[in-house]
Amino acid sequence: MSTESADGDGGTTRPRIEVTETAAERALALLEDEAYDVTEAGLRLFVQQGGCAGLSYGMRFDKAPEADDAIYTHHDLRVFVDPASLKYIGGSVLDYESGLQGEGFHVENPNVVSECGCGESFRT
């Protein structure tokens, strides 16, 4: 599906985060539209408190990773995940979907035990 770098791994095993080619292409296009240097910048994927099920996903562009981030590289897109978020989203796949219901990034998380009715928040 994609390639993963060992950046930030420190030689230890860590949960994987995958990114589909479609999601990577869309994120890279958005980064370039915002004039980010795609060799240093990346997409930050995180979990925050909120929503009716307890946790929700967040995404934003960052110019560079933080010192303790796990860094994944898939299809030339760098993805930064902080240690606290990684324990909730390890093993997830980031995809980009478009259809009649709209379009956007979607996280397929194997750790989710329940989601709210609107699909915006989850519980592990």
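This text follows the structure it describes.
The following refers to the structure shown. Predicted model only: the values in this text are computed from it and were never measured.

Before going further, it helps to spend a moment on the nonpolar core. Among the nonpolar cores identified, the biggest contains 22 residues, and Ile17, Val19, Leu45, Tyr72, Leu77, Val79 and Val81 are the most heavily contacted of them. At the level of secondary structure, the elements contributing two or more residues to this core comprise helix 1 (21-33), strand 2 (42-49), strand 4 (70-74), strand 5 (77-81), helix 2 (83-89) and strand 6 (93-99). The leading source of residues in this core is helix 1, at 5 residues.

This brings us to the pattern of salt bridges. In a structure, side chains of opposite charge can pair up when their charged atoms sit close to one another. Summed over all chains, the structure comprises 4 salt bridges. Across the pair Asp62 and Arg44 runs a salt bridge, and its minimum N-O distance is 2.4 Å. With Asp62 in strand 3 (residues 55-62) and Arg44 in strand 2, the pair connects residues that are 18 residues apart, well separated along the chain. Between Arg60 and Asp62 there is a salt bridge; the shortest N-O distance is 3.1 Å. For Arg60, a relative accessible area of 41% corresponds to the partly exposed category. Overall, the relative accessible area of 13% leaves Asp62 in the buried class. Among the charged side chains, a salt-bridge network with shared partners connects Arg44, Arg60, Asp62 and Asp69.

A few words on the packing of aromatic side chains. Following the criterion strictly, the structure yields 2 aromatic pairs and no others. On the numbers, 4.9 Å between centres and 75° between planes, the contact of Tyr96 with Phe105 is edge-to-face. The exposure class assigned to Phe105 is partly exposed, which follows from its relative accessible area of 27%.

For the rest of this paragraph, the subject is the sheet that holds strand 1 (residues 18-19). Spatially, 1-6-7 is the arrangement adopted by the 3 strands of the open sheet, whose pairing is mixed. Lying at the two open borders of the sheet, with one neighbouring strand each, are strand 1 and strand 7 (102-108). Both strand 6 and strand 7 contribute to a ladder of 7 bridges, which runs antiparallel. Looking at strand 7, one finds that Glu97 is bridged to Gly104. Strands strand 1, strand 6 and strand 7 of the sheet are contacted by helix 1, whose axis makes an angle of about 80° with strand 6.

Tracing the chain through its elements places Tyr72 in strand 4. Judged by relative accessible area, which is 0%, Tyr72 ranks as buried. Residues Tyr72 and Val19, 53 residues apart in the sequence, show an inter-C-alpha distance of 9.0 Å.

Attention now moves to the side chain of Asn109. Looking at the element boundaries, Asn109 is found in the loop between strand 7 and strand 8 (114-115). Within polar-contact distance, the side chain of Asn109 engages the backbone oxygen of Tyr88 at 3.0 Å. For Asn109, the side chain forms a polar contact with the side chain of Ser92, separated by 3.4 Å.

Criteria and cut-off values
- Residues numbered from 1 in each chain as written.
- Predicted model: local features only at pLDDT ≥ 70, side-chain atom pairs only at ≥ 80, totals over all residues.
- Heavy atoms only, no water.
- Core = buried A, V, L, I, M, F, W, Y, C linked by side-chain atoms within 4.5 Å.
- Buried < 20%, exposed > 50% of the residue type's maximum accessible area, 1.4 Å probe, protein only.
- Helix = DSSP H or I, 4+ residues; strand = E, 2+ residues; numbered from the N terminus.
- Salt bridge = Lys/Arg side-chain N within 4 Å of Asp/Glu carboxyl O.
- Phe/Tyr/Trp six-rings, centres within 6.5 Å; stacked < 30°, edge-to-face > 60°.
- Pairing = 2+ DSSP bridges.
- Contact = heavy atoms within 4.5 Å.
- Axes fitted to C-alpha atoms, helices over the stretch in contact; angles between N-to-C directions.
- Polar contact = N/O pair within 3.5 Å; in protein donor to acceptor, adjacent residues only side chain to side chain.

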